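# Architecture at a glance
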Amino acid sequence: MDIKEEIEWKFKVFMPQDFYDFWDFCKMQNESSPSDALIDLGLQLVGPYDVLSGKLSATKNKRPNYVLHYRYYYDPPEFQTVVKGDDDSQFHLGYYRDEPKKAPVFVASNKSKINNLFTPQGENLFAATKLQLDVTIGKIKDSEKKQSLEKLLKEMCAFAKKHDYSLDVKTPAMKARERLVVAKTFHGAGIIVNVDENDVGYRPIPETNASLKKIFKSIADSKNEGVRMKKFEALQELTTIVQFANDECDYGQGYELGLDLFSYGGDVFHKTIKNLLSVAYQLLEREEFWEILEAHLAQRNVDDVSQLK
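Basis of the calculations
Residues numbered from 1 in each chain as written. Predicted model: local features only at pLDDT ≥ 70, side-chain atom pairs only at ≥ 80, totals over all residues. Heavy atoms only, no water. Helix = DSSP H or I, 4+ residues; strand = E, 2+ residues; numbered from the N terminus. Rg over C-alpha atoms; globule rule 2.2 N^0.38 Å. Areas by Shrake-Rupley, 256 points an atom, 1.4 Å probe, with all protein chains shown as cover. Lys, Arg positive; Asp, Glu negative; His and termini not counted. Charge placed at Lys NZ, Arg CZ, Asp CG, Glu CD. Contact = heavy atoms within 4.5 Å. Buried < 20%, exposed > 50% of the residue type's maximum accessible area, 1.4 Å probe, protein only. Pairing = 2+ DSSP bridges. Core = buried A, V, L, I, M, F, W, Y, C linked by side-chain atoms within 4.5 Å. Salt bridge = Lys/Arg side-chain N within 4 Å of Asp/Glu carboxyl O. Polar contact = N/O pair within 3.5 Å; in protein donor to acceptor, adjacent residues only side chain to side chain.

Check the secondary structure of the chain and you find 11 helices and five strands. Whereas a compact globule of 309 residues would reach a radius of gyration of roughly 19 Å, the chain reaches 20 Å, a difference of no more than 12%. Each of the three principal axes of the chain carries a C-alpha extent, and together these read 60 × 45 × 45 Å. Element-wise, carbon and sulfur atoms account for 49% of the exposed surface of the chain, whose accessible area totals about 15300 Å². Across the chain, the mean location of the 42 positive side-chain charges is 5 Å away from that of the 48 negative side-chain charges.

Within the secondary structure layout, Glu288 lies in helix H11 (residues 287-298). Once residues lying within four places of it in the same chain are set aside, the contact partners of Glu288 are Lys12, Pro100 and Lys101.

Quick look at the pairing of strand S3 (residues 91-96) now. With six of six residues buried, S3 is to be regarded as a mostly interior element. The turn joining strand S2 (residues 79-84) and S3, which pair antiparallel and follow one another in sequence, is formed by six residues; a positive phi near 60° is taken by Gln90. Sheet analysis places S3 next to strand S4 (residues 106-111), joined by six bridges and oriented antiparallel. Its bridge partner being in S4, His92 is matched across the sheet by Asn110.

It is worth spelling out the nonpolar core at this point. Phe22, Phe216 and Tyr255 are the most contacted members of the largest nonpolar core, which totals 78 residues. Among the elements that make up this core, the one with the highest residue count is helix H5 (residues 143-162) (seven residues). Apart from the residues within four sequence positions on either side, Phe22 is in contact with Leu38, Leu45, Tyr49, Leu125, Phe126, Thr129 and Met156.

This brings us to the environment of Gly85. Structurally, the position occupied by Gly85 is in the loop between S2 and S3. Separated by 13 residues in sequence, Gly85 and Tyr72 place their C-alpha atoms 12 Å apart. With residues up to four places along the chain from it excluded, the contact list for Gly85 reads Gly42, Leu43, Phe91 and His92.

Structurally, the position occupied by Asp75 is in the loop between helix H3 (49-52) and S2. Buried Asp75, no salt bridge; nearest opposite-charge side chain is Arg71, N-O distance 4.9 Å. Here Thr81 takes part through its side chain, which lies 3.0 Å from a polar atom of the side chain of Asp75. Here the side chain of Asp75 touches His92 through a polar contact of 2.8 Å, side chain to side chain. Discounting chain neighbours no more than four positions away, the residues touching Asp75 are Tyr70, Thr81, His92, Asn110, Phe118, Phe262 and His296.

Written out as structure tokens, the structure is:
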């Protein structure tokens, strides 16, 4: 298999063309180590890029689980990290996609040590990196470093323009997608499911986000198992409602509830997440996402996200 097929086989999703063009740009900046081309910006290419660099082939880990490589605590299976920032906040950039066999819909950022929110940063890695450069250059006081980053920005913008990549933070395609989002979800990126002319495909969870978080918190903060089982009754009632929704082909409800539980976090919810999302991903024909999530729930680490060790 070629390198693109290898990446798709290892990570369960394919990488778009800007992923490879961005690697070529970084190689122009640092031929011996393209992964470190953005170190002055505080960024490093990781994840599937470690296939291109050869790092995953050279790892001492005899049985690396590729789908967990740079998969941070709050990363849903729809998200694939490709760039890491600082370890204190665990800032990282990656592709967010609605379906595993389709191209990403945008590049998003998250700071896993701070929150579970995924913020769109543009349609491709050039736009997302430009945004980081603009912010950093605006804050920096060291004139020499500022000039270096301004040079990098100029060269990257020229490269992106030559290859017809939009540098807009929000493109027309991203705006069009927003109109198709059926639920924003806790992580903010939203979900899309097919809804037919009879509005079959999605029905809202009969709780507000605020009340859902209150239910989840009461379970997570329970002082003992007896109290927790009692508090679980409200969540069990919601999962029963989801079963009725699934029977009537409104698959999006269980999808939303499962992702909200995942975004809230906590081992206590993993069994319920598995029950909800194993079914949702199968019904939505997004089985690759379930493969990723199943592996993540079995080894959901806060700090140890690299498979190179």
